[in-house]
Structures are given as C-alpha cells and as structure tokens.
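Close look at the chain arrangement
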Amino acid sequence: MLTRLKEFFVARQCPAFLVGGYLRDSLLSLTPRRDIDIALPGDSQSVGRDLARVLGGSFVPLSPDHGVARVVAPDSSAGTWNVDLAGFSGSIEDDLARRDFTINALALPLSGWASPVPGEQVMDPFNGRQDLAHKCIRAVGPHVFRDDPARLLRAVRLAAGLGFRLEPETARLVRTDAYLVHRVAQ
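Please read all numbers here as calculations on a predicted model, not as lab measurements. (Residues numbered from 1 in each chain as written. Predicted model: local features only at pLDDT ≥ 70, side-chain atom pairs only at ≥ 80, totals over all residues. Heavy atoms only, no water.)

Quick notes on the overall build of the protein
Put simply, the rule reads: Think of it this way: any DSSP run of H or I at least four residues long counts as a helix, any run of E at least two long counts as a strand, and we number them from the N terminus. Each radius of gyration is computed over the set of C-alpha atoms, and the globule rule expresses the reference value as 2.2 Å times the number of residues to the power 0.38. Exposure classes here rest on a 1.4 Å probe applied to the protein chains alone. A residue is buried below 20% of its type maximum, exposed above 50%, and partly exposed in between.
Check the secondary structure of the protein and you find 8 helices and 8 strands. For 186 residues, the compact-globule estimate of 2.2 N^0.38 gives 16 Å, and the protein sits close to it at 17 Å. By its C-alpha atoms, the protein is 45 × 35 × 35 Å across when sized along the principal axes. Each of the 186 residues in the protein was classed as buried or not, and the buried ones make up 43%.

Here's the deal with the pattern of salt bridges
Quick reminder of the rule: By convention in these notes, a salt bridge is any Lys or Arg side-chain nitrogen within 4 Å of a carboxyl oxygen on Asp or Glu.
Counting across every chain of the model gives 11 salt bridges. The partner of Arg154 in a salt bridge is Asp100, with the nearest N and O atoms 2.2 Å apart. Here Arg154 is found in helix H7 (residues 150-162), whereas its partner Asp100 is found in the loop between helix H4 (92-97) and strand S6 (107-109), with 54 residues between them in sequence. A salt bridge links Arg138 to Glu167; the nearest nitrogen and oxygen atoms lie 3.6 Å apart. Of this pair, Arg138 sits in the loop between strand S7 (136-137) and helix H6 (144-147) while Glu167 sits in the loop between strand S8 (165-166) and helix H8 (168-177), and the two are 29 residues apart along the sequence. In this structure Glu167 comes out as buried when scored by relative accessible area, which is 12%. In the salt-bridge network here, residues are joined through shared partners; they are Asp131, Arg138 and Glu167.

Regarding the pairing of strand S2 (residues 35-41)
Here is the rule we go by: Whether two strands pair depends on DSSP finding at least two bridges between them.
Of the pairings in the sheet, the one linking strand S1 (residues 17-19) to S2 comprises 3 bridges and is antiparallel in character. Counterpart to Leu18 in the pairing with S2 is Ile38. Two strands pair when backbone bridges link them, and S2 and strand S5 (residues 80-88) are joined in this way by 7 bridges, in the parallel orientation. From the neighbouring strand, Ala39 faces S5, where its bridge partner is Ala86.

What to know about the nonpolar core
Put simply, the test is: Each nonpolar core is a collection of buried residues, namely Ala, Val, Leu, Ile, Met, Phe, Trp, Tyr and Cys, held together in the definition by side-chain atoms within 4.5 Å. Contacts: residue pairs with any heavy atoms within 4.5 Å of one another.
Leu5, Phe9, Leu18, Ile36, Ile38 and Leu110 are the most contacted members of the largest nonpolar core, which totals 52 residues. Every residue in contact with Leu5, bar those within four places of it in the chain, is listed here: Ile36, Ile38, Leu51, Leu55, Val83 and Leu110.

Remarks on the packing of helix H1 (residues 2-11) against helix H3 (residues 44-55)
Threshold: Only the contacting stretch of a helix is used when fitting its axis, a line to C-alpha atoms as for every element, and angles between N-to-C directions run 0 to 180 degrees. Here the word oblique covers every angle except those under 35 degrees (roughly parallel), over 145 (roughly antiparallel) and from 65 to 115 (roughly perpendicular). We call a crossing left-handed when the near helix sits turned anticlockwise from the far one by less than a right angle, and right-handed when that turn is clockwise. Only Asp, Glu, Lys and Arg are considered charged, only Ala, Val, Leu, Ile, Met, Phe, Trp, Tyr, Cys and Pro nonpolar, and every remaining residue, Gly among them, polar.
Two numbers describe how H1 lies on H3: the axes approach to 11 Å, and their chain directions differ by 125°. Comparing the axis directions of H1 and H3 gives the class oblique. In this structure, the crossing between H1 and H3 has a hand that is right-handed. Counting all contacts with H1, which are made through Arg4, Leu5, Phe8 and Phe9, the residues of H3 involved are Val47, Asp50, Leu51, Val54 and Leu55. Its residues placed into classes, the contact of H1 with H3 shows 7 nonpolar, no polar and 2 charged.

Section: the environment of Ser63
The condition that has to hold: Contacts described as polar in this section are N or O atom pairs within 3.5 Å, which, within protein, must combine one atom able to donate a hydrogen with one able to accept it, while residues neighboring in sequence count only if both atoms come from side chains.
When you line up the elements, Ser63 lands in strand S3 (residues 58-63). On the basis of relative accessibility, which here comes to 22%, the residue Ser63 falls in the partly exposed class. Here the alpha-carbon distance between Ser63 and Ala86, two residues 23 residues apart in the chain, equals 9.3 Å. Residue contacts for Ser63: discarding those within four places in its chain leaves Gln45 and Val68. A distance of 2.9 Å separates a polar atom in the side chain of Ser63 from a polar atom in the side chain of His66.

Details of the environment of Ala69
Here Ala69 lies in strand S4 (residues 68-74). Sequence spacing of Ala69 and Ile38 is 31 residues, and the spatial spacing of their C-alpha atoms is 10.0 Å. With residues near it in sequence (within four places) discarded, Ala69 still touches Ser44, Gln45, Phe59, Val60, Pro61, Leu62, Val83, Asp84 and Leu85.

Digging into H7
The periodicity of an α-helix, 3.6 residues per turn, causes residues three or four places apart in sequence to face the same way. Definition in use: A helix is expected to span 1.5 Å for every residue after the first. To obtain the arc, one takes the directions from the helix axis to the C-beta atoms.
With 13 residues, H7 should cover 18 Å at 1.5 Å per step; its first-to-last C-alpha distance of 18 Å lies within 8% of that length. Those residues of H7 not exposed but buried are Arg151, Leu152, Ala155, Leu158 and Ala159. The arc that holds every buried residue of H7, seen down its axis, measures 135°, which confines them to one face. Turned more than 90 degrees away from the buried face of H7 sit Ala160 and Gly161, all of them exposed. Contact partners of the buried residues in H7: helix H2 (21-27), S7, H6, S8 and H8. Count one or two residues on from H7 and you reach Gly163, which has phi positive near 75°.

If you want it as structure tokens, here you go:
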C-alpha cells in the first residue's frame with residue numbers, strides 16, 4: 001500500500017509525509033497495522049477523494065473542519081486499509097509540534113519510503129527515535145493533555161501496549177491533568 005501511496009503523491013507532485021503509528025511501528029520493527037497516517041499541506045478532502053478513486057476505495061470525511069479524511073481501500077489479500085489524511089498549514093515541523101508524544105512526532109517524506117524499514121530521511125525534531133530506543137513515552141509539550149484529554153488515556157494505552165514507561169515529567173502531567181478525562185467523548 002505504501003508503494004501505491006508513494007506513486008500517487010509523487011505523480012501529483014504533492015509533498016506528503018508518513019506519520020503516526022505505522023512509521024513508529026516500522027521503526028520498532030513491529031508489524032504495523034493496516035492503518036496509515038499521511039500528513040500533507042493543504043486540502044486533504046480533495047486529495048482524499050482522488051486517492052479513493054485511484055485505489056478503488058471509499059472516501060470518508062472524518063472531520064472536514066479540521067482537515068481530516070479517511071480512505072478505506074481494498075487489498076488483494078481480501079483485507080482493507082485505512083489511510084487517514086490530515087491537512088496542515090505551515091510546515092511539517094509545525095504539524096509535528098502539535099502532536100502528542102515524541103514517538104509519534106516523527107515524519108518521513110513519502111517519496112523517501114523504502115520497504116521494509118524507513119531510511120535516514122525520518123524527520124525527528126523532538127528526539128522520538130531516542131525515546132523509542134529507551135522505551136519511553138514523552139509528551140511533546142506541557143499542553144498536550146489540555147489540548148486533547150483523550151491523550152491521557154492514549155499515554156497509558158501506548159505505554160502498556162508497547163511495554164514502554166511514562167517519562168517522569170509526562171507522568172506528572174498525566175496526574176496533574178487527569179481531572180480533564182471527563183471531557184473525553186464516550
């Protein structure tokens with residue numbers, strides 16, 4: 001699927017970046033799930049519609065106001081892929097600064113994807129690769145839980161699922177902002 005995505009974005013001369021769990025899991029040499037997150041400058045909605053058509057999939061506008069769309073694409077192995085597209089303004093570095101944890105604030109230009117493990121083109125402004133090596137969940141900044149209280153639950157889920165530990169300052173932020181958990185949608 002990544003090869004097809006790479007071809008799609010390169011043909012359109014649209015800069016696109018692999019971000020999120022698929023990249024993180026690839027760096028950890030884990031088998032990534034069939035979920036791919038792509039960050040791209042501008043309008044993810046129109047790109048998503050085109051991508052769905054090219055892949056023979058379905059377009060789902062997840063959050064048009066926030067520039068997030070999903071393409072559900074069939075696979076020859078009778079499975080499906082979820083490709084989430086998130087548009088951003090500014091630079092990819094600005095987008096990464098708005099993410100939750102350093103291990104998720106990594107980006108790889110999709111044009112540089114090389115299977116099975118990404119090369120040295122991974123952008124890592126918050127030392128997420130170091131935290132991967134040390135099995136550490138570290139917040140990108142002090143406001144991550146206030147910006148999105150669902151991240152409180154995600155911190156614990158990621159730590160448990162990956163066998164990582166919460167970095168001490170991040171653990172303190174979780175305790176301090178725990179009262180916000182009631183704001184998480186059911």
